[in-house]
Amino acid sequence: MQHRFIFKQYSYNYIIMYRELLMGTDSVSKIRINDLLNKMTIEEKIGQLCLVNTTGGSHLEALKNNLKDGKIGAILNEVNPDVINELQYIAVKESRLGIPLLIGRDVIHGFKTIFPIPLGQAASWNPDIVYEGARISAIEAASQGINWTFAPMLDIGRDPRWGRVAETLGEDTYLISVLGAAMVSGFQGTKLNRKDRIASCAKHFAGYGASESGRDYNTTNIPENELRNTHLPPFKAALNAGAATVMTSFSDLDGVPASANEFLLKQVLRKEWKFDGFVVSDWESIKQLSTHGLTPNDKESAFEAANAGLDMEMASQTYSEHLFALINESRISMQQLDTMVSNILGIKFRLGLFELPYTNPPDFPELVNENHLAAAKEAAIQSAVLLKNENNVLPIVKESVKTIAVIGPLADDGYEQLGTWVFDADERHSQTPLNAIKEISGEDVHVNYVRAMESTRSKSSQFFSDAIDAANNSDIVVLFLGEESILSGEAHCRADIGLPGNQVELIKQISATGKPIILVLMAGRALALENIVNDVDAILYAWHPGTMAGPAIADLLFGKVSPSGKLPVTFPRVTGQVPIYYSQKNTGKPVTPETYMHIDDIQPRMHQVSVGNTSYHLDTHYTPLFPFGFGLSYTEFNYSHLVLDKNEIHLGETINISAEIFNKGCWDAMETVQLYIRDVSASVTRPVKELKGFKKISLAPGETKVVSFQIHTDDLSFHNRKMQRVTEPGKFIVWIGSSSNAELQSEFEMI
Ligand code: GLC
């Protein structure tokens, strides 16, 4: 019989008040942890290390028995609050020691209210947007009994062939660090002390984004210097923000998979960073150690992972099947086991689960309520990036059009607009661009809609004639193209990141009508667009915008608000340019306009050394199609007066760098002012520039603001050949501007 659990109605305020009391319980919880450890059997200790997937049905009965026996410490993928409360009740009331469960779920960019994919949120360059999205996601997930999410993903996203670039916060270490910390704070609050906050998980530790050829789960070889200067800082920033847990990556890092990598898990995470939460594997990534070829069998995999400092095993059972023997053989010590269990119990205490293990949904705000939808819409608005706007096609002026053709498979698809990793979303909540455009158009403007393609991968041109007719009978065309959601995300990598299916042909045929064309692109990655960029008048890159895609895009198209997004990744012209990112090294032979010669310009039988000779591809221009940090507005911003308050600084000092930004247009608009710095020469080569600060500001028409950045010499530090974090004397070049192509330039010397 399904238990119906009637819990005493915890008032929402009572829950909050009681949790506030838990804040200063670290010392108390340490005493309680030791008390539990002294009572626990080895089997019960091993049980705490097991994160079990709940697939429901008969599996659930077996799971309940294991709960009673104390063989499970956490579950993932159960989202029914009654079932969660029931399982918690068994753990708390029917097991010998009553240790509550962690309830994990991938709440990556929303639970029921879906926000833009993380790569889209990153395009907002707004920590407040990211914070609010995580906070609302936590409220909705916690209301159902979830107390742990597997986010933020902090991997560096520099290869758009990789499907998981959709889940990253972009290509840049600094941007990811700032936004990742904001996401942690949104999920957790200050100290996990509220029932509507959930534990975060900094993943995938570490270097996963460097998977060779952008193929998921592939090998990564990252020199320690590059690992420390590029890949690790976002994780450190997340831990500084209080991230409760860390998840290891699937990937092999320099020959030692992350799930058995003692350097990562002990040297960096514990010894250097003093991390006091717990480490969880990725899905069966401990069992996969033998597949990698690191171990001969599951028992050795369990040994390698436990010995490296991996506390909790997700989905596979090598710990539950082999740790007991490893302890009996003294290969894993009781002290090691107690440390693993203590790390996990510590988070359970910090979450206050021993006092308040259950949830009561009526005590929480309604799912997908108006406030949550409004926040999702604002996030989608601020995430969209205006990449092109010629002939003033945008914004659409209602009074000047009679008919709008809306064409494409992503104009009216409430599921595809949500993007990857949306297990708990309900597309019935989605508001699509087509409906929103119709609503804004009202009676004044007729909307001609043609889907034209069954999906973004369709190779058929069967319905193109309908689309062309619609275009010919309209004043303006809005195309909704890109990638359906399944084409990005885990294990969904593409060797060619052009527009899928027959979309290019559709664009060419619509372009041939001569009508003004606005291309709205939804995608989970940067797409290679050089082959169509000149066939349209405007491009609005919306990523996968989530539940409120429609109202957000419609407000932008009709000028209710100006676009303000900036690219968090570099857009290549063609796939062959990948990886291409702004913070590259200079090389010994950097390309210049003088040394660049395109393949088509090479004269027959030119002498071998007369062409190229610098770092570029003959068959494409050496610049990206759109640079990191780029994004247009409906207004124009003028940057001037770059001022440094000193030209020389000593180690330990701070320099103030400012510039004036003037809104020369007639639009209220937001602009992300970006600060880049180059360390011109150092004991290891440094990038040609690095983002060191950004501020998103609002400017009224005609308004000027001075934006200032304070840079401490620590902000200029890097890991040298000896892996020491240092700032070295020398010349630094400074830029402030609206993208990584910033032109306002100055310099200073550290002496
Ligand atoms: C997956 C992902 C990881 C996710 C986990 C649980 O394979 O790599 O990011 O959190 O399994 O779903």
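Thresholds applied
- Residues numbered from 1 in each chain as written.
- Predicted model: local features only at pLDDT ≥ 70, side-chain atom pairs only at ≥ 80, totals over all residues.
- Heavy atoms only, no water.
- Phe/Tyr/Trp six-rings, centres within 6.5 Å; stacked < 30°, edge-to-face > 60°.
- Helix = DSSP H or I, 4+ residues; strand = E, 2+ residues; numbered from the N terminus.
- Buried < 20%, exposed > 50% of the residue type's maximum accessible area, 1.4 Å probe, protein only.
- Lys NZ or Arg CZ within 6 Å of the ring centre and 35° of its normal.
- Polar contact = N/O pair within 3.5 Å; in protein donor to acceptor, adjacent residues only side chain to side chain.
- Contact = heavy atoms within 4.5 Å.
- Pairing = 2+ DSSP bridges.
- Expected span 1.5 Å × (residues − 1).
- Core = buried A, V, L, I, M, F, W, Y, C linked by side-chain atoms within 4.5 Å.
- Near = heavy atom within 4 Å.
- Areas by Shrake-Rupley, 256 points an atom, 1.4 Å probe, with all protein chains shown as cover.
- Nonpolar A, V, L, I, M, F, W, Y, C, P; charged D, E, K, R; others polar.
- Axes fitted to C-alpha atoms, helices over the stretch in contact; angles between N-to-C directions.
- Parallel < 35°, antiparallel > 145°, perpendicular 65-115°, else oblique.
- Left-handed = near helix turned anticlockwise from the far one by under 90°.
- Domains from an automatic or database assignment.
- pLDDT = per-residue confidence, 0-100.

Caption draft 1: View of the packing of aromatic side chains. Counted under the stated rule, the structure contains 24 aromatic pairs. With a centroid separation of 5.0 Å and an interplanar angle of 65°, the aromatic rings of Y596 and Y616 are classed as edge-to-face. With Y596 in the loop between helix 20 (549-557) and strand 17 (637-644) and Y616 in the loop between helix 20 and strand 17, the pair connects residues that are 20 residues apart, well separated along the chain. The class for Y596 is buried, based on a relative accessible area of 17%. The ring of F303 has R331 lying over it, and the distance from NZ or CZ to the ring centre is 4.4 Å. Of note, K695 hangs over the ring of F709, and the distance from its end group to the ring centre comes to 5.2 Å.

Caption draft 2: Representation of the side chain of K388 within the structure. Summarising the element assignment, K388 is placed in strand 11 (residues 385-389). Of note is the side chain of K388, whose polar atom sits 2.6 Å from the backbone oxygen of V536. Among all residues touching K388, those that are not within four sequence positions of it are V533, N534, V536, D537, A538, I539 and L632.

Caption draft 3: Structural detail: the sheet that holds strand 10 (residues 313-314). In space, the five strands of this open sheet follow the order 4-3-2-1-10, with parallel pairing throughout. Pairing within the sheet leaves two strands with one partner each, and these edge strands are strand 4 (148-149) and strand 10. Alignment of strand 1 (residues 50-53) against strand 2 (residues 74-76), held across three bridges, turns out to be parallel. Looking at the pairing, L51 lines up with A74 of strand 2.

Caption draft 4: Focus on helix 16 (residues 370-383). In a regular helix each residue adds 1.5 Å, so 14 residues correspond to 20 Å; helix 16 covers 20 Å between its end C-alpha atoms and thus fits that length. Those residues of helix 16 that sit buried are H372, L373, A375, A376, A379, A380, I381, Q382 and S383. Between the side-chain oxygen at the start of helix 16 and the backbone nitrogen of N371 there is a gap of 2.9 Å, and the oxygen is on N369.

Caption draft 5: Here's a closer look at the nonpolar core. Counting residues in each nonpolar core, the largest one holds 113 residues, and the members touching the most others are W148, F205 and Y319. Excluding its chain neighbours within four sequence positions, the residues that come into contact with Y319 are I46, L49, I286, A302, A305, A306, L310, D311, E313 and M340.

Caption draft 6: Molecular detail of the site of the ligand. Neighbouring residues of the ligand: D106, F150, R164, K203, H204, M247, F250, D282, W283, M314, W421 and E490. Side-chain polar atom of K203 to an oxygen atom of the ligand: 2.7 Å apart, as the coordinates give it. Between E490 and the ligand, the recorded distance is 3.0 Å, taken from a side-chain N or O atom to an oxygen atom. Considering the ligand on its own, with 310 Å² of exposed area, one finds that the protein chains cover 94% of that surface. When grouped by side-chain class, the residues that make up the shell around the ligand number six nonpolar, one polar and five charged.

Caption draft 7: Structural detail: the packing of helix 7 (residues 127-143) against helix 8 (residues 173-188). It is the contact of helix 7 with helix 8, at a shortest axis distance of 7 Å, that shows an interaxial angle of 30°. When the axis of helix 7 is compared with that of helix 8, the two are roughly parallel. For the crossing formed where helix 7 meets helix 8, the hand is right-handed. Only V178, L179, A182, M183, S185, G186 and F187 of helix 8 make contact with helix 7, whose side of the interface consists of P127, V130, Y131, A134, R135, S137 and A138.

Caption draft 8: Spotlight on the domain arrangement of the protein. Taken domain by domain, the protein comprises domain 1 (370-557) and domain 2 (637-750). Using only C-alpha atoms to locate each centre, domain 1 and domain 2 end up separated by 35 Å.

Caption draft 9: Highlighting the pairing of strand 11. Counted residue by residue, strand 11 has four buried out of five residues, so it is predominantly covered. As paired strands, strand 11 and strand 16 (residues 538-541) are joined by four bridges and run antiparallel to one another. Paired with V385 across the bridge in strand 16 is Y541.

Caption draft 10: Region of the structure containing the confidence of the model for the protein. With 96% of its residues at a pLDDT of 70 or more, the protein has an overall mean of 95. Low pLDDT, under 50, characterises residues 1-25; the stretch is placed with 40 contacts to residues that sit more than four places away or in other chains.

Caption draft 11: Representation of the sheet that holds strand 19 (residues 654-663). Strand order in the open sheet formed by three strands is 17-19-22, with antiparallel pairing between adjacent strands. A single partner strand is all that each edge strand has here, and the edge strands are strand 17 and strand 22 (704-712). Mean inter-strand twist for the sheet, computed between neighbouring axes without regard to direction, equals 20°. Taken together, the nine bridges between strand 19 and strand 22 define a ladder with antiparallel strand orientation. The partner of I655 across the bridge, within strand 22, is I711.

Caption draft 12: Representation of unusual backbone geometry within the structure. In the segment running from K203 into H204, the intervening peptide bond is cis, with an omega of -5°. Within the fold, H204 resides in strand 5 (residues 201-205). A cis geometry characterises the amide bond from L394 onward to P395, with omega recorded as -5°. By the secondary structure assignment, P395 is in the loop between strand 11 and strand 12 (403-407). Phi is positive for K274, close to 55°, though the residue is something other than glycine. You can see K274 is positioned in the loop between helix 11 (262-272) and strand 9 (278-280).

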